[in-house]
Every structure is written in structure tokens, then in C-alpha cells.
Amino acid sequence: MTDPLDEAWELSPRVALRPEPFGALAYHFGNRRLTFLKRPELVSVLRDLSGEPDARAALTRAGVPAGRWPAYAEALRGLAGADMIRPRGRTEADRTRPPHVTAAPGTAGQSTTAQSLPAKNAAARSGTASGSLAKRFEYGLAAPICLTWELTYACNLSCVHCLSSSGRRDPRELATAQCEAVIDELQAMQVFYVNIGGGEPTVRPDFWHLVQYAVNHQVGVKFSTNGARLTPERARFLAATDYVDVQVSLDGATPEVNDRVRGPGSYETALRALDNLAAAGFADAKLSVVVTRENAGQLDEFKAIADERGATLRLTRLRPSGRGADVWDELHPTAAQQRDLYEWLLRAGEDVLTGDSFFHLAGYGESLPGLNLCGAGRVVCLIDPLGDVYACPFAIHDRFRAGNVLSDGGFAAVWRESELFGDLRSPQTSGACTGCGFFDSCRGGCMAAKFFTGLPLDGPDPECVQGHAAAALAAGDRTVPRPSQDHSRRPGARRAGAGPVPVRIGRRPSPAAPPVHPPVHPPVHACAESPLAGFTPSSDV
Ligand code: SF4
Ligand code: SF4
């Protein structure tokens, strides 16, 4: 094997480096791999590589002591394996071939200088690698890794668990020029990509323009859709557009299960969209599933649907957010289903994305791959259709509103200076979880899930697999907050012929609650649930 220190390297052309206090983040727009560079010296080395005859010269120039060169050689091997760097002079055709310098056997995840996220790998499962990453991320980053942007509250469907209570457009939604200004800011902040959702984002007349605008400004786009507007023509446009990823939402592996939650005809719509993408040659679309009590037994079937279309299955957790709060009691997986899901993920989840959605399941023992971190306000946030910035897409409530991109000096100012985000980046207390032996990996679970079930934010997750939330949930004195935004359509909007919905769907009892609304649902958001959502690396560097 060639010594990587003797090679002439360069950064891959599709890799962007973003400085961070600890070093940098490197993002590959082609394979969507995110790499965490833990040392400023390594960042200098990478920046100098293309101007030096070989890596040794770059190390010398960066002032790295010779005694540490073996560690850097290992890091360079890993970076080459991830196509973050490549031997200088490789042609475009070479890009499809594996780099000739490969990671040494057994070194994955052991580099002390560079590490890929998220980590569908053994190192992450051990909890050791991910633990060190989480520590760094807890204090926040220069810009979010995982920014969800809901472009509209309008949606053509009426799903029961809509996390943003979408349905009707809000007349105050950002105009095209205001959206472009947000994208300009994201470009300046080096936000690698944005997860666009809604509502159904494609109903905005300027949606495709904004996708193109973002791509033209080096902001990759992942968008979530129910597929209604993914025609063969649009699929061909997407297949021909770099830096775009698509998630199609489906919540049942059969029409019966899916359409009860997402509305009649939505199963067929989603599969047609996936078929259109596959026929257009769109590589690696995502099939996005919110795991519920109704579909938890269909995981193998979901996987088959994705595999047959060259897509990747992505599972996310049902949160009691938006209208999800109204159906959470009936739809959240039972304890037995949680256990089955956990074991399925350990057994068959190697190629399944979870967006770090299920880190509360670490309470069973072995951690699932991922950071195991609530990234709210640290690496994750939401811009809603009005330009309001929330700590997390599942936390649309004034309690978690950090500011507004129009009235508070822009997104960057909100991200960097908001008091709320400052608080979230401070050390948190663990409350009733303090004595739990699984706290290091479970971290008490999801802040939004606790908030919207009326549980203390420093206590156990409502789905704590050790059962420590059961008594609090059973207590009658909980106050369950309502989301600050509700754009649900009025009763009667459910399509005629939809038939009865087997799950009991109704708002939580509250004297002030409006009548039961028909269900409306936005697509499942990409990284709504964590900093890891949507990343697809298969190994550490
Ligand atoms: S979904 Fe929950 S765990 Fe994830 S960032 Fe939001 S509040 Fe935190
Ligand atoms: S008690 Fe807290 S840390 Fe322990 S498993 Fe439950 S939610 Fe997780």
C-alpha cells in the first residue's frame, strides 16, 4: 500500500470546509458524508495539500511534529477512503473508482484527528466515538449542520400526525426575495445544505426556483414531499440537478395502513413519485417513514419497497408535536414495539437512516449509531414559513422561538446571539435521569417529546424504555402545551369517501381547544430529529 505521506493530494472538488472552534467540518456534496476535523492543524494541512508536492511537505508547512505524522497518515487514508481528498490529477472518470489509498484494516473510527458522521458502524455503536463528537457539539457550532426550513404551511394532504399543524398557507409567509436573502445568508455561513419541508413545499409556485437558487449558491437541498408533484418531468429535472436529495413520505407499507394516516390515495401517490425518480435515474432517493403503532410491524416491507426502487429507507420517530400531539396516545409505538424496533435496527438497520431519531432506545443497553444528542439550538434548528426561528422542527412553540429572520437582524444573528440558543448550549441538568445508568447514551431523550407531553424538560423522555416516565404520564396534573402555530384546515376538509379512521383522532381535552380538526400533515422533515439525519457515510475515517 502506498504511504499517503508520499502522495500529492488535493481536496475533492465537491468538498466544502467550514471552520469551527475545534477545527472544521468537511462536507462532501456528492456522497453527503460529513467529516469532523478535530484539529486546526489538520485543517491547515488539508488546505495546503494542493500546493505542496506531497503530504509530508504539507505537514511540515503546518508545523506538525514528525512524531505525529503516523496519525496524520492514518487520517489521510480515511479521508481518501471517504473521497474527501484525492490524489492530484485524477480525472472525473476516476471518481467512480475507489481511491488507491485505502483505510488500513481495523483503523476505522480510531483516528484522533478526523471522524465521519454519522456512523452506521461499529465504532459509533460502541458509543465511544459518538460520545466525543457529542461533547463537542453540545456547545453549539458556528452554523447549524441540520437546518430545516419549512417554506409553507400549505399542504395538499391531511395527515393525522403533522408536526407543524399544516394545511393552510399563511399570508405572512416569506416572499421569494426574502427566501433568496435567507439563502444568501446560508451561503455566507457555509450551511452545507438545508432540509426543506412544509407543509408540502412543492405547492409554492416558486419552489423549483428556490431549489435552483440554493444550489446555485452552494447550499445543497434535501426536500421532503408527499410526492404529489413529482411528475416524470420534475423527476428528470431533479436527476439532472446536483446537490439535491429527495425524501418521499410514506407511513404504511400497504395502502390500508398508510392512507389511514396520510389520507386516501397518498400511498399510490408516494410510490408513483418514487417510481418516477427511479425511472429518471435519480440516485438514492429516501423513503421516509414515521414509525407508528400501526406500521411498526412493517419494517421489512418498507425496506423492500425502498430496495426495489434503489432508494434508502429512513425511519423517524413520532413526536407529540403539532397535530401529532392529538394522536400520540393512540399512535406512538407500544413498549413491545419499541423493543422490536430497537432489535430490528440492530439486526437489519445497517443501511437504514434514522437521523439519530431513536437515541432514547439506548436505554435498552447498546447505543444505536449516531450522536445520541438532542441538537436543538446547537446543531439543529427550524426556520418556519414566517421566518420565525425555532430550536427544533418539533418544537414549534413560543418557548423555543429564538427570533425572526426579518425582524431580528437575519438568520445568522439569531443563530449566534439568541438568548434561547445560548441557554441550550449551556450545560443542562439531568433531573430525574441523573441516577440512570443509561443517561450517557440516552441523555434523557427528546426535549420536544417531553415538552408536548407536559413532562419536565430535565426528566425522562415520555417513551423512556426503562419505564421511568410512566408515573408522570399517568398523573392527572400535567399541562400539555399547544403549539404556537396551527394552520390546520377546518372540519370537513377531509376528502369525501375517506371512510372512518380506525385510530381515535382528537385534540386533547382543553376548555380552550377548538373543534377537532381534520388531520393535515407535512412531509417528514429531513433532519428534524437530529444533526445526523440524512447523512449516509458507511465508515469512519
Ligand atoms: S427532535 Fe427532540 S431530540 Fe431531536 S433536536 Fe428536537 S428536541 Fe432535540
Ligand atoms: S431514565 Fe432518562 S436517561 Fe434513563 S433511560 Fe429513561 S429517559 Fe433515558
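Residues numbered from 1 in each chain as written. Chains lettered and ligands numbered in written order. Predicted model: local features only at pLDDT ≥ 70, side-chain atom pairs only at ≥ 80, totals over all residues.

Taken together, 12 residues lie near ligand 1, and Cys374, Cys392, Cys446, Met447 and Ala448 sit nearest. Within the shell around ligand 1, the residues separate by chemical class into 9 nonpolar, 2 polar and 1 charged. (Near = placed C-beta within 6 Å. Nonpolar A, V, L, I, M, F, W, Y, C, P; charged D, E, K, R; others polar.)

Bringing unusual backbone geometry into the picture now. Cis geometry marks the peptide bond from Gly198 to Gly199; its omega dihedral reads 20 degrees. Along the chain, Gly199 turns up in the loop between strand S8 (193–197) and helix H7 (207–216). At Asp356, a residue that is not glycine, the phi angle is positive and equals roughly 60 degrees. Within the element layout of this structure, Asp356 appears in the loop between helix H13 (335–348) and strand S13 (380–383). On the basis of neighbour counts, which here come to 31 C-beta atoms within 10 Å, the residue Asp356 falls in the buried class. For Arg443, which is not glycine, the phi dihedral falls at a positive 55 degrees. Note that Arg443 resides in the loop between helix H16 (439–442) and helix H17 (447–451). For Arg443, a count of 22 C-beta atoms within 10 Å puts it in the buried group. (Helix = DSSP H or I, 4+ residues; strand = E, 2+ residues; numbered from the N terminus. Buried ≥ 20, exposed ≤ 12 C-beta atoms within 10 Å, placed from the backbone.)

To continue, consider the nonpolar core. Core analysis: the biggest nonpolar cluster contains 137 residues, and Val194, Tyr390, Ala391, Cys392 and Ala395 have the highest contact counts within it. Counting residues per element, this core draws most heavily on helix H3 (residues 69–81), at 6 residues. Composition of this core by domain shows at least three residues from each of domain 1 (4–89) and domain 2 (142–429). (Core = buried A, V, L, I, M, F, W, Y, C linked by C-beta atoms within 7 Å. Domains from an automatic or database assignment.)

In this structure, Leu371 sits in the loop between H13 and S13. What makes Leu371 buried here is the crowd of 28 C-beta atoms within 10 Å. Linking Leu371 and Asp356, residues 15 residues apart in sequence, is a C-alpha distance of 6.7 Å.

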